[in-house]
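A closer look at the structure
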Amino acid sequence: AHSRPKVQSSGGPHTALYAAEREVTALRERLEAMDVIDVHLAEQLAAARAGRDAFRAEAEAAGPPVPPVRTATHWDWYEFEPGRLLAPVLVYEASASTAAQRGLEEFEVFDCSHPREWLSLRKLLNSETEEVARGARALRRVIDSIVEKLPGALSPRVGCDFLQLQVLERGASVTPHIDAPSPPADVVATLTLSGNSSIIVGGVAVELLVGDVYAIAGAARWDVPHEVRPSFSDRLTLTIRYSDLPAMSDAEDRLGTGASGRA
């Protein structure tokens, strides 16, 4: 089990320190992997280390952090990297009880929290707050509408275990990476909810506006790095990882959107 809490419930020097430490590690690993030193990257690493040290001094002076809120209906944003905040929404309740088999445990970008602590789409749909329930219904419609436009080679049992909400603050970026094989995902689709951005997949740049969706599958998903470039505005996105879902043993674990098993 990991040491917790590492971050505060909302912002603060502990949250900033943890994100800064991740940024330093990522930049250092990129620099060490290069045959020729990138001067600009080296300068960026030096600045990141200075920022980390400043946050460390603030965190030490502030005392122990306040634990973050992690419930099915309230989930404080987790700052995985500076300016990159994430929150998970569990789609199938069964995924929480079979988290190890589904590869959902110890998911780093969600603070290694157990899926039982994630937001639950079912509970949000049943919220007594109409604004919350309306938003949950919109999420469910998005899942269905996007999957209908995905490659026809996908199995009719295609669906998703969870959604990923992400805020990328102005000036922040997502460095080049290939999504991990676990949790499983044959197709990864991202919808821009607010803000504009530019993504790069295998050297091909695409400008995304509000309402645009891009998806990666096949070699683009498994073998080609992709990244998100910095923007002049904050960006809110919804990422959905589609894969063949196992048969659910309990009908109550399904959200009831038809025989296809889509969430």
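As a reminder, the structure under discussion sits directly above these lines.
Keep in mind that what you see is a predicted model, and the values were worked out from it rather than measured. (Residues numbered from 1 in each chain as written. Predicted model: local features only at pLDDT ≥ 70, side-chain atom pairs only at ≥ 80, totals over all residues. Heavy atoms only, no water.)

**Details of the nonpolar core**
In this structure, L163, I240 and Y242 are the most contacted members of the largest nonpolar core, which totals 37 residues. When residues of this core are assigned to their parent elements, the largest contribution, six residues, is made by helix 6 (residues 130-147). In terms of nonpolar packing, the next biggest core, distinct from the first, is built from 11 residues, I199, V201, L208 and V228 among them. (Core = buried A, V, L, I, M, F, W, Y, C linked by side-chain atoms within 4.5 Å. Buried < 20%, exposed > 50% of the residue type's maximum accessible area, 1.4 Å probe, protein only. Helix = DSSP H or I, 4+ residues; strand = E, 2+ residues; numbered from the N terminus.)

**Focus on the side chain of S197**
Tracing the sequence through the fold places S197 in strand 8 (residues 197-201). With near-sequence residues (within four places) excluded, S197 lies in contact with V206, E207, L208, V228 and R235. (Contact = heavy atoms within 4.5 Å.)

**So, helix 1 (residues 13-32)**
Its 20 residues place the ends of helix 1 28 Å apart at the C-alpha level, agreeing with the 28 Å of an ideal helix rising 1.5 Å per residue. Of all the positions in helix 1, only P13, H14, T15, A16, L17, Y18, A19, A20, V24, L27 and L31 are classed as buried. For helix 1, the secondary structure elements touched by its buried residues are helix 2 (39-62) and strand 1 (78-81). (Expected span 1.5 Å × (residues − 1).)

**Observations regarding the sheet that holds strand 11 (residues 226-228)**
One open sheet accounts for four strands, arranged 6-11-8-9; its pairing is antiparallel. Pairing within the sheet leaves two strands with one partner each, and these edge strands are strand 6 (174-177) and strand 9 (204-208). Going from strand to strand, the sheet's axes swing by 15° on average, the running direction of each strand aside. In this structure, strand 8 lies alongside strand 11, joined through three bridges in antiparallel fashion. By the bridge assignment, I199 is partnered in strand 11 with V228. (Pairing = 2+ DSSP bridges. Axes fitted to C-alpha atoms, helices over the stretch in contact; angles between N-to-C directions.)

**Side note on the pattern of salt bridges**
The full count for this structure, using the stated rule, is 10 salt bridges. Between D111 and R70 there is a salt bridge, with its nearest N and O atoms 3.3 Å apart. A residue pair is termed long-range when its members are at least 10 positions apart, and D111 in the loop between helix 4 (99-102) and strand 3 (119-120) and R70 in the loop between helix 2 and strand 1 qualify at 41 residues. In terms of burial, D111 and R70 fall into one category: buried. When the shortest N-O distance is used, the salt bridge between R241 and D179 registers 3.7 Å. In this pair, R241 sits in strand 12 (residues 235-244) while D179 sits in the loop between strand 6 and strand 7 (187-194), placing the two residues 62 residues apart along the sequence. (Salt bridge = Lys/Arg side-chain N within 4 Å of Asp/Glu carboxyl O.)

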